[in-house]
Each structure stands twice: as structure tokens, then as C-alpha cells.
Amino acid sequence: MSSKHETIVITGTNTGVGKSIVTAGLIQQLHLNKVRAAGIKPVETGCEYGDDHNLIAADGTLLHAMAPWVPANTVAPYRFRMPIAATLAARKSGIHLELKDLTDVVTQARHYADLLLVEGAGGALSPLTEKHNLLDLAKALNAPIIICAEDCLGTQSLTLSVIENARNRGLKILGVVLSCLDPSEAVSEQQNAETIAQWGQVEVFGSLSKFEGDLQEIAKEAGVQLSKFGLVRRVIDLTA
């Protein structure tokens, strides 16, 4: 790799914390800033069969829509039907995933973009292979990470755990993106952003609101917020 970062890994504390929306939103904003960016999700579970009997990866489809010049099979190379942990879904499908399989698909995808965003499956510590999780993949790629977390009760411990595990691997953390996708569960009195920033010694980029519309529209609105929070500029500066 060159001295600048060509790959960023988007991970999270859990599933359903906004990783896909953050990844897609960043890609859209990077395009507006003349950065040829694309995203991939090496492993996706919970896929459904389409009319052509091929498995459709919902998150992969969103990322492909943001950078349609990247082949769909490159964006979402390992797709599994069962909505379970990636390593277990692969095993039940008769596939034995190795870390090299995942680094190889990332290397292949790099040819299509100046900056590649790699979205993880599940949480940062969820197994991707029999022996490795997403943080191990980030380490193998020498890639900095962005951590997505839900702005809710209990997120402080989860987020700080991911931060500690990432630092133990020597990973660079660009920051944490909080999301409040269900306003009824907002817990502003918990001061999640302040506590995570203080205890984790990281930058926390706002809290994404719940959006309306289809996934592409939501991703674009999220991208605008991420730009206002300063994350887009942080990513651009890192890759310059």
C-alpha cells in the first residue's frame, strides 16, 4: 500500500446500528468532494433469493447503488441466506472462510476506487471466520476504522469495549458515529457522546437522526449530517 490510506473499515457495536447508512452516506459525500469512493461488504447474512434464484444482499445492493461501476459480486462476494453470525452461516453453507479470502476480495475491489470503505457484518467482535473478527480484518488491511453505535442505554460499555479491543490491535480509530434511529429510545441524559469521547479518547461525530424514505434517500440525508459533523472532511484529510 501507499503511505496514504486506501481503505477504511466501518464497524459497529452490534447489528442494526447504522453501518450501511453511514458507509453509503460517506460514499455519496465523498463523490461530491471529487473522491472516487466505493464500498463493499465482504460477508452478508440474512440474504433473500431473488426472481433469478440468486441471493440478494440488501446492504450490498445499497453500496452497489452508490458506486454502480463496481461489479455487484465484488461489492457483496460472500452472501448467505441464514440471518446468523457470518462464520456460522458460512459453515452451514459448506464454506470455510479464511482471513485471506476476505483480504483477497478487498484487494480486488481496490482496483475500482481511490478509497474503499469496507462494511463489516454484525458487531466488531463478531466472528467472520473460524478464528478472526472484523477488527482482525482491519488489522490485516492496515486500515483505520469508524465505529457505529446506537445512542441508547448501554452503548457506553459496548462502544468502549470495541475501542479497547481496537487499540489492543494497534488500529487507528477515526471516530465514533452515534445514531438515534428510534427517537422514543433517546437517552440524552446518559450523555453517551461525552462519556465515550472522554473515556475512549476518541472523537464522537454527532448522533444521526431517524430518516424517512428509501435506503438511498436515507443514506444521502445521513451523508449530509456526517458532513456537518465533520466526519467527511476527516476522511478526506486522512486519504490526501
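Caption draft 1: Local environment of the packing of aromatic side chains. Across all of its chains, the model carries zero aromatic pairs by this definition. Positioned above the aromatic ring of Trp-69 is the side chain of Arg-36, whose terminal nitrogen or guanidinium carbon lies 4.3 Å from the ring centre.

Caption draft 2: Main features of helix 8 (residues 192–200). Within the span of helix 8, buried status applies to Asn-192, Thr-195, Ile-196 and Gly-200. Viewed end-on, helix 8 has its buried residues packed into an arc of 100 degrees, placing them on one side of the element. Structurally, helix 8 contributes buried residues whose contacts are with helix 7 (155–168), strand 9 (173–179) and strand 10 (204–208). Positive backbone phi, at 50 degrees, marks Gln-201, one or two positions downstream of helix 8.

Caption draft 3: Inspection of the state of the cysteines at higher detail. Under the defined criterion, the tally for this structure stands at zero disulfides. Left without a disulfide partner, Cys-148 is nearest to the cysteine sulfur of Cys-152, which lies 13 Å away. With no disulfide of its own, Cys-180 lies closest to Cys-152 among cysteine sulfurs, the gap being 8.7 Å.

Conventions adopted
Residues numbered from 1 in each chain as written. Predicted model: local features only at pLDDT ≥ 70, side-chain atom pairs only at ≥ 80, totals over all residues. Heavy atoms only, no water. Phe/Tyr/Trp six-rings, centres within 6.5 Å; stacked < 30°, edge-to-face > 60°. Lys NZ or Arg CZ within 6 Å of the ring centre and 35° of its normal. Buried < 20%, exposed > 50% of the residue type's maximum accessible area, 1.4 Å probe, protein only. Helix = DSSP H or I, 4+ residues; strand = E, 2+ residues; numbered from the N terminus. Arc of directions from axis to C-beta. Contact = heavy atoms within 4.5 Å. Disulfide = S-S within 2.5 Å.

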